[in-house]
Amino acid sequence: ALCTAVEAHLTRKHSTAALSAMLCQRSGATRSLLLPFALSLSAVHNAAAFAPTTQARSFVRAAAPALASRAPLAFARPSLKGFKTVSMGLLDGLKKTLGGDLPQRGYDDLIPGTWSFEAGELALKGEVPKTDSKGNSLAMFGGGCFWGVELAFQRVPGVISTSVGYAQGGETAPPHPIYELVCTGMTGHTEVVCLTYNPKEVEYKDLCKLLFSRIDPSKKNQVGNDVGTQYRHGIYTYTEQQAKDAKEVMDEQIAEGRGPMFTELEDAQVFYPAEEYHQQYLEKGGRGGRGQSAAKMCTDPSVATLNPYRLLRLFVLRLSRLCTDPIRCYG
């Protein structure tokens, strides 16, 4: 039934509202079991948004044409505005399926005394400060999967503390999102690292340059193998001076031939710190249990292992593109 609903939606045989109705026609006793399926469905939808604009878009059931006879595929890259419109429609359907509001996370899992804990308190108040409680400057960057980019900033002298989380979802985005929902790409948030730093020890421009050393600014909604609006890259500023400095760095990148520039430059919105197990994830050992050094000036490569949600999206994305490249995930 889910495959039929997905195929009908992807081939535009039914509207988003009709798809939502299909998912909602379940008894109350089974609603609690639908969340994993709904999340998987939304991941399929998100990956399909980047599928070829050919018969391959109906990849749920359509047989793939022979590679030798297949014409070159054209890929659709929808705008973030249009994507959010569809995504919010599916989120409304998910709300009905769950019989209430979308699940929100609390911040009691975060460790008191850390920047993440303080950021959680600020998120509950809906505040966007310019400094932390100790007067340290703030900076926020989106660079794909937040595990690896956080470790890169941890190693920078002058960076005092880091926290990974979700931001830039806009006014219509659900507040305090959980990781599983953000991974679907439907909430509008992007994975970010929010850090505190001493501007006397490290310049903001150098932090921006570090971000560009880890991304390809000409790739829209993509960093490495991570593809989707939740992995879009951006610089989210807290002051006018930060915005000016970031713009200068971006202009330098374009002058060096790294355009077109799809890296966002926006005012910082409310930062929602991620679950504690994501914080300093690679330093703690990641899924492999082998911690990676966060020592200042360390140059060891940072490598992030796959998680089930990213693996699902990568698999579906590869399937939709009929790609035979190996699946890898770098932090």
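Residues numbered from 1 in each chain as written. Predicted model: local features only at pLDDT ≥ 70, side-chain atom pairs only at ≥ 80, totals over all residues. Heavy atoms only, no water.

## A word on the overall build of the protein chain
Looking only at helices and strands, the protein chain has eleven helices and eight strands in total. When burial is assessed residue by residue, the protein chain has 51% of its 331 residues classed as buried. Counting contacts in the protein chain only where the partners sit at least 6 residues apart, residues at least 24 apart contribute 76% of the total. Just so you have it, the protein chain exposes about 15300 Å², and 56% of that area is on carbon and sulfur atoms. (Helix = DSSP H or I, 4+ residues; strand = E, 2+ residues; numbered from the N terminus. Buried < 20%, exposed > 50% of the residue type's maximum accessible area, 1.4 Å probe, protein only. Contact = heavy atoms within 4.5 Å. Areas by Shrake-Rupley, 256 points an atom, 1.4 Å probe, with all protein chains shown as cover.)

## What about the sheet that holds strand S7 (residues 264–267)?
Taking strand neighbours across the sheet as the criterion, the six strands line up as S7-S6-S1-S3-S2-S8 in an open arrangement whose pairing is mixed. In the strand order of this sheet, the two ends are held by S7 and strand S8 (272–273), each with one partner. In this structure, strand S6 (residues 234–237) lies alongside S7, joined through four bridges in parallel fashion. Residue pairing in the sheet places Thr237 in a bridge with Asp267 of S7. Strands strand S1 (137–142), strand S3 (190–197), S6 and S7 of the sheet are contacted by helix H9 (residues 240–255), whose axis makes an angle of about 160° with S6. (Pairing = 2+ DSSP bridges. Axes fitted to C-alpha atoms, helices over the stretch in contact; angles between N-to-C directions.)

## Side note on the confidence of the model for the protein chain
Predicted confidence across the protein chain gives a mean pLDDT of 76, with 61% of residues reaching 70 or more. For the stretch residues 44–80, pLDDT sits under 50, and the model shows 73 contacts to residues farther than four places along the chain or on other chains. When the criterion is pLDDT under 50, residues 320–331 qualifies, and its contacts beyond four places in sequence or with other chains add up to 32 contacts. (pLDDT = per-residue confidence, 0-100.)

## Describing the pairing of S3
Judged by how many residues are buried, S3 sits mostly within the fold: eight of eight residues are covered. Strand direction decides the pairing type here: S1 and S3, joined by five bridges, are antiparallel. Looking at S3, one finds that Leu138 is bridged to Thr196. Strand direction decides the pairing type here: strand S2 (residues 159–167) and S3, joined by eight bridges, are antiparallel. Bridging from a neighbouring strand, Val164 pairs with Val193 of S3.

## Some remarks on the pattern of salt bridges
In the structure shown here, the tally under the stated rule is five salt bridges. Across the salt bridge formed by Arg105 and Asp109, the nearest N and O atoms sit 3.2 Å from each other. A relative accessible area of 31% places Asp109 in the partly exposed class. A salt bridge links Glu248 to Lys205; the nearest nitrogen and oxygen atoms lie 2.4 Å apart. (Salt bridge = Lys/Arg side-chain N within 4 Å of Asp/Glu carboxyl O.)

## Quick word on helix H8 (residues 204–212)
Turning to H8, its buried residues number three or more, namely Tyr204, Leu207, Cys208, Leu211 and Phe212. Taken end-on, H8 shows its buried residues confined to a sector of 145°, consistent with a single buried face. Considering only its buried residues, H8 is in contact with S1, helix H6 (146–154), S2, S3, S6 and H9. (Arc of directions from axis to C-beta.)

## Regarding the packing of H8 against H9
Where H8 meets H9, the closest approach of the two axes is 9 Å, and the angle between their N-to-C directions is 45°. One element, H8, and the other, H9, form an angle in the oblique class. For the crossing formed where H8 meets H9, the hand is right-handed. Contacts between H8 and H9 involve Tyr204, Lys205, Cys208, Lys209 and Phe212 from the first element and Gln242, Asp245, Ala246, Glu248, Val249, Met250, Glu252 and Gln253 from the second. Residue classes in the contact of H8 with H9 are distributed as six nonpolar, two polar and five charged. (Parallel < 35°, antiparallel > 145°, perpendicular 65-115°, else oblique. Left-handed = near helix turned anticlockwise from the far one by under 90°. Nonpolar A, V, L, I, M, F, W, Y, C, P; charged D, E, K, R; others polar.)

## Digging into the packing of aromatic side chains
Per the counting criterion, the structure on display carries six aromatic pairs. Between Trp147 and Tyr281, the aromatic rings sit 4.0 Å apart at their centres with planes inclined by 15°, giving stacked as the arrangement. Highlighted residues: Trp147 in helix H6 and Tyr281 in helix H10 (residues 281–284), separated in sequence by 134 residues. Pair check on accessibility: Trp147 and Tyr281 agree, each one buried. Taken together, the aromatic side chains of Phe141, Phe153, Tyr197 and Tyr204 make up a single cluster linked through ring pairs. (Phe/Tyr/Trp six-rings, centres within 6.5 Å; stacked < 30°, edge-to-face > 60°.)

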